[in-house]
Amino acid sequence: MEIIVKELKKENHVYLFDSVMRPISMDIVSKRKTNGYIKTLIKKHNINNIKVLNQIDFSTSDNYFTDRI
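Bear in mind the structure is a predicted one, so any value in this text is a computation, not a measurement.

> Quick one: what's the story with the pattern of salt bridges, residue by residue and with numbers?
Within this structure, the stated rule accounts for two salt bridges. For K31, the salt bridge goes to E7, with nearest N and O atoms at 2.9 Å. With K31 in the loop between β3 (23–30) and α1 (34–45) and E7 in strand β1 (residues 2–7), this residue pair connects regions lying 24 residues apart in the sequence. For K31, a relative accessible area of 31% corresponds to the partly exposed category. The salt bridge involving R22 is made with D18; its shortest N-O contact spans 3.0 Å.

> Tell me about α1, residues and numbers included.
Compared with an ideal rise of 1.5 Å per residue, which puts twelve residues at 16 Å, α1 spans 16 Å between its outermost C-alpha atoms and is within 8% of the ideal. By the burial criterion, the buried members of α1 are T34, I38 and L41. Looking down the long axis of α1, one finds its buried residues gathered within 55 degrees of arc, a one-sided arrangement. Seen from the buried face of α1, the exposed residues on the opposite side, beyond 90 degrees, are N35, K43 and K44. One or two steps after α1, the chain reaches N46, where phi turns positive at roughly 55 degrees.

> An account of unusual backbone geometry is requested, with residue identities and associated values reported.
Positive phi outside glycine occurs at N46, with the angle close to 55 degrees. Locating N46 in the fold gives a position in the segment after α1. Under the relative-accessibility criterion, N46 is labelled exposed at 66%.

So, how was this worked out
Residues numbered from 1 in each chain as written. Predicted model: local features only at pLDDT ≥ 70, side-chain atom pairs only at ≥ 80, totals over all residues. Heavy atoms only, no water. Salt bridge = Lys/Arg side-chain N within 4 Å of Asp/Glu carboxyl O. Helix = DSSP H or I, 4+ residues; strand = E, 2+ residues; numbered from the N terminus. Buried < 20%, exposed > 50% of the residue type's maximum accessible area, 1.4 Å probe, protein only. Expected span 1.5 Å × (residues − 1). Arc of directions from axis to C-beta.

Printed below as a string of structure tokens:
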């Protein structure tokens, strides 16, 4: 599982991805509630590895692939 937070001026967009980077959920959370919301996600989905990134580009990762319809 991966959590990505996109910070905006008044709110944050919180994305939850599975282990192969397919989106599971996306929520818009106020800035003051983001910390608690992420703690809840971590407990609910038993996430034990957290990375902090300043850029999102998974195209070079071995785990990244694009689903085709």
